[in-house]
Amino acid sequence: MTPTRQQRPHVPGARGGRGSGPRGASRAQPDVQVTALSSGSAWHERRESGANVLEIDSLEIEAVASGSAVIDDVSLALRPAEILALVGESGSGKTTVGLSVLGHFRPGLRHGGGTVTLYPSHTDRPAEMTALDDAALRRLRGARVTYIPQDPALSLNPGIRVGEQIREVLDIHNFGASAEERTERVRSVLAEVGLPGDDAYQARYPHQLSGGQQQRIGIAMAFAMYPDVLVLDEPTTGLDVTTQAQVLDTVRDMTVRHQVASLYITHDLAVVSEIADRVAVMLRGRIVEENTTEEVLGSPQHAYTRKLLAAVPDLAGRNRIGETAEPGAPAGSVHEPEAPAGSSAGFAGRPEAGSAAAAVRAAGASAVVLEVSELGLAYGENTVLDGIDLELEAGECTLLLGESGSGKTTLSRSIAGILDSYTGRVCYRGEELAKNTRQRTLDQRKQIQYIFQSPFSSLNPRRTLGQSLAVPLEMSGELNAAGRRDRVKDALDAVRLGRQFYSRRPGDLSGGERQRAAIARALVNMPSVLICDEITSALDVSVQASILALLRTLQEERGLAMLFVTHNIALARHIASRVAVLNKGVLVEAGPVDEVLDTPQHAYTRELLTNVPKL
Amino acid sequence: MIARLVVRRLLISIVILFAVSLIVFFATLLLPGDPARAILGQQATPERIAAINAQMNLDAPPWTRYFLWLGGLFTGDLGTSVATGQPVSELLGERVGASVFLMVAAALISVPAGILLGIYSALRRGKAVDSAITGISLVLAALPEFVVGIALVAFFSTTVFTILPAVTMQPPGTQVWDFPLQLVLPVAVLVLVVTPYIARMMRATMIEVLDSGYVEMARLKGVPERRVVLRHALPHAIGPVAQVIAIQLAWMAGGVVVVEFLFRYPGLGQALIDAVSYRDVQVVQAVTMIIAVIYVIVNLLADIVGILANPKLRTGGES
Amino acid sequence: MAEQTPELQPQSPETRAVLAGDPELTSTDSTASKEAHTGGRNTVLTRFWAQGQAKVGVILTAIVVGLALIGPLLLPWATGYTTTEFAARPFQPDGLFGTDNLGRDVWSRFLGGGLTLLYYAALATALGMVLGLILGMLAAYVGGWLDSLIMRANDVLLAIPQLVFALLAITVLGPQGWVLVLVIGITHAPRIARVARSATLGVISEDYIRAAEMYAMPRSRLLVREIMPNITGPLAVEAGLRLTYSIGSIASLSFLGLGMQPPTADWGLMINENRIALSIQPWGVLLPVAAIAVLTIGTNLIADSLARASASANAGDQS
């Protein structure tokens, strides 16, 4: 194999009995003969025979403070050239397991029991990662077992040139025989991940690269030493689908080419289906299911896996996500009160809600509630939005699709009047709206409501939900204090939080609960237009599913005209009846969902549809 | 890119000094009474007052006097002391050197000491050494410098031991640095007062950097701990700490006043206190301007260190 | 003077898990709300009081404040003398702590000498806080040219060390109480404004402020109801620090003979008057030095504990 990967001379027969493990022992050839082979080491034999290069056995990790187990009885095994996906929602402990493979426990956590055994290629002696001393760990890390982190923007050193950061790995681990060989390796590994390897490129700092390029540097760094085991921690989170597809290709290709055993940590089952050979599903520190990708995705055994799968939005729209979860507790995570379906219906049945939209629909007249025409926005030379025309009809949801930097948030905030530097017109029921929300009339402000992306930022942490949610009513000033309180409590019921949340503060709430509260704030004024700006992107899929189900219900009950802004095209069939595609500030395509998804007209839409990972 | 940023900072510094000069000059116009009468005291006759007024341009409108004064600053003519009748530049000449010497000596000790203590403390986070350093620096940081000074004097010069001189004697024709033993306590006070801040800031910044994703990544790459600290962490802590060091050193320009008064050290601060007591406006103006200049220069240096330590500024952002 | 940096030093087990542990572990949808309910009340105040150093700080401060407040009421019956009565010849060991440079009873002067210092320091801090808060919040919230103007003006004021600025003011206006309060307060303002501005900037980038704007909440109400409650943490820390520095500065000025004027009984002034006799009658110096040291250490411990408590509060909010 690659000669350079053998850093140390092999010690014939040096292998201890302890580390051989059950699979090692079951191999046909005795150790002595294996090492005697001139073509490769015992390790290469191992690899050829398909034995594990990493074995995690009954691993337990506990919190230092409380002593409680954070990771409980986790066992996994990795074979060369195989990608094992470790799937779980936030808080499942998947990163903690991933880092234990490198013998790393973040501050506040410690090894509680069990073993993590690595069979490194440079020696016949297996390494017990949880028991090694620092020096021994350092020799393995970055060389035999490597790590690709979630956010390259945070994990690349901003003060060191990218070439040097790759080179550092080679220097520390004494790669090759000479400095020239290392220089050459930096160049070749950059080429392997699809980056230019020239000196000028190597001399750049991380901030001079795009997110996708930064992640490639991280991949190059991880592959530079031809590792045996690779841990990938959500390496495509935050990347656009096209970039994500390219990065996934690179990872897949490198894993196979160099026969690396990869542990791929992710929350995204669609990505799993694209890249993994096997899948292990984690829930609260335990593995609940492990099998081949086909089996896990095709016929999931554990209830949690099924629920997770049901929550994954798929492009074809075969499953209506969130549907199965209603009306019981969706995702088992969002606090679901004694589902006050009755009070919700009562709320929706108020004279202002529903009936107006119903009347419009009955009349069959033009149901256009909101009309955007020729909307543009530029910061100096930089054009963010250009000539946007968009119509929203009552009782209809339009999905506004755009990747990061497409201007989708700028557009939705312009419509809501939060940004007022745009050109062009936004009309509500035929009447042009003032650009700034403060200049709009009371009624216009009430009718158009906007929900922010991050539920962690959109509610004032120092005020109770009751206080925060009453703000829109106080500002419209038509109800007295008691009336406002009733209206807010009704809204809390309508978003399935329940009125007992009235006096709670955001700090006590989960992300899903906070987003429900934010939705409730948008509902207290009985709007006719709802703008949802990426409101599920900060949430786990199961929570996303339940939020989408809620939005669908609300929209139907109240005949809302809705603009659902997202980067995830797979959501289209789950929430919207129309799709508008925004690319670099220009609407490139708009139409009914089926039309756009089945027969996309614009190249950009087609590219997106090709690259979106599918289950 | 760097040059442009540095020039920009330089221009800002000049504008700040200009604004300071406006404040310093026009504040003194509020001074009640007649400076000429103040100088002459009992011997004031209308003729002599008129003569002094003419000599000091006191008849001219404020703006003219401001520009004459400002012009004088550039040519080294700092005016005439109302109290002694001497030229201010003569009065302050040697004292500037003595004060700057005191501050530089203190800075040379406290900056490295603060940085090293801060790093050491950060690397031993949560351990007993860290708690001790943090606790002691918190206590020292609270104390006004005269409290530290009196404590040292009581301990080393009078009540407990008498091993170090409590006051500075400087026979004519000698320099302060000719008597190193006399410098020990004044320098020690400044060091004790300034070091805790630098150490605390260095510790906080270093801890933040050590907790960063790129330091964790460096460890996961197998980088030896020494190199993690020196190559991956330290450069990112230097920029913010440079600002704090600048603030501290500039602040020393104020603290030095108290220290000089306490030890009768023949520097600017001593001169300033005397001048304030005599309401010797010209001297107060001059000393304030000199201290402001020192402040601005130190700050400028810190900004330049900050620029050099930040690759985003160094390379000019997105390319 | 320097800003002390609040550090992320979690005190409660939950926040420690948030900060130190895998961030994943605590951001779970299901566990977040559970934890909050099992944890009991966990406010900045409870976290503050949970720290040993906070208790020490409060006790030290209370002792000196109590002494300064009650002391004047005890005179002359507790000691037999008022603060200005002559008890014996200078520097005699008569009475509990001897006599001072003019033969007055040291113990009496000490008991009566703390109140004005506290009073002036509190007033100066309050003035600085009000000015700084208004300027900082306006700069951050209004932004644009007003922000630039306020911050550039700050830079100019910062270029003159606080003590030197105070000396300039005293030269012009004389060493009077209101001058001390005014000048210390005004020189605190730019530093406080910086803190208030950056805290406000942190808050106004949050979506709940955008939401309030969107609902056309009147701007004054937005500042008071949405922004203010979210910057109380850093402001409380700042108030503690500035109080420490106010005490130090006013005491320093008195020590220089440019603050309180004789024959007032004042701790700073006492040190100035009696320090020539440090070796023979040290109590006239040591008592006030000790009181000022204990007081500033106490207030600084309180400020630091507040910083730690509010830092972990903010970190907890993000979970």
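Source: prediction; values computed, not measured. (Residues numbered from 1 in each chain as written. Chains lettered and ligands numbered in written order. Predicted model: local features only at pLDDT ≥ 70, side-chain atom pairs only at ≥ 80, totals over all residues. Heavy atoms only, no water.)

Things to note about the interface of chain B and chain A
Spelled out, the test is: The contact criterion used is simple: two residues touch if any of their non-hydrogen atoms lie within 4.5 Å. We define buried area as the total accessible area lost by two parts upon association, computed with a 1.4 Å probe and summed across both. Salt bridges are defined by distance alone: a side-chain nitrogen of Lys or Arg within 4 Å of a carboxyl oxygen of Asp or Glu.
Counting residues at the interface gives 22 residues for chain B and 27 residues for chain A. Taking both sides of the interface into account, the surface hidden between chain B and chain A amounts to around 2,300 Å²; carbon and sulfur atoms contribute 55%. Broken down residue by residue, the surface that chain B buries against chain A is led by Met217, Leu220 and Lys221 of chain B, which jointly contribute 30%. Linking chain B with chain A are four salt bridges. A salt bridge links Glu164 of chain A to Arg231 of chain B; the nearest nitrogen and oxygen atoms lie 2.8 Å apart.

With respect to helix H11 (residues 268–278) of chain B
Residues and elements named next belong to chain B. How we decide: Each residue is placed in one exposure class: buried if its accessible area under a 1.4 Å probe, protein chains only, is under 20% of its type's maximum, exposed if it is over 50%, and partly exposed if it falls in between. To qualify as a helix, a DSSP run of H or I must reach at least 4 residues; to qualify as a strand, a run of E must reach at least 2; elements of each kind are numbered from the N terminus.
Among the eleven residues in H11, eight count as buried, and that is most of the element. Buried within H11 are the following residues: Leu268, Gly269, Gln270, Ala271, Leu272, Ile273, Ala275 and Val276. Backbone geometry just after H11 places Arg279 at a positive phi near 55°.

A short note on the packing of aromatic side chains
For the record, the criterion: Each aromatic pair joins two rings of Phe, Tyr and Trp (for Trp, the six-membered one) with centres within 6.5 Å, and gets the label stacked for planes under 30 degrees apart, edge-to-face for over 60, and tilted for any other angle. Placement of a positive charge over a ring is assigned whenever Lys NZ or Arg CZ falls within 6 Å of the ring centre and within 35 degrees of the normal to the ring plane.
Counted by the stated rule, this structure contains 20 aromatic pairs over all chains. Ring centres of Phe26 of chain B and Trp63 of chain B lie 5.2 Å apart, and the angle between their planes is 55°; this geometry places the pair in the tilted category. Of this pair, Phe26 of chain B sits in helix H1 (residues 2–27) while Trp63 of chain B sits in helix H4 (residues 62–75), placing them 37 residues apart in sequence. For Phe26 of chain B, a relative accessible area of 24% corresponds to the partly exposed category. On the numbers, 5.1 Å between centres and 70° between planes, the contact of Tyr66 of chain B with Phe67 of chain B is edge-to-face. Joined through ring pairs, the aromatic side chains of Phe18, Phe25, Phe26, Trp63, Tyr66, Phe67 and Trp69 of chain B make up one cluster. Positioned over the ring face of Tyr502 of chain A is Lys489 of chain A, at 5.0 Å from the centre of the ring. Positioned over the ring face of Trp49 of chain C is Lys55 of chain C, at 5.6 Å from the centre of the ring.

Some points on the domain arrangement of chain A
All names here are of chain A. The criterion, for reference: Domain delimitation in this document rests on an assignment produced automatically or drawn from a domain database. Whenever a nitrogen or oxygen atom comes within 3.5 Å of another N or O atom, the pair is scored as a polar contact, on the condition that within protein one atom can donate a hydrogen and the other can accept it, and that pairs from neighbouring residues in sequence are kept only if both atoms are in side chains.
Taken domain by domain, chain A comprises domain 1 (21–310) and domain 2 (355–460 + 515–610). Each of domain 1 and domain 2 was reduced to a C-alpha centroid, and the two centroids are 40 Å apart. Listed as interface residues are six residues of domain 1 and, on the opposing side, seven residues of domain 2. Between domain 1 and domain 2, the buried area comes to about 700 Å², and carbon and sulfur atoms account for 42% of it. Remark: the boundary between domain 1 and domain 2 carries zero salt bridges. On inspection of domain 1 and its partner domain 2, the count reaches five residue pairs in polar contact (both at pLDDT 80 or more).

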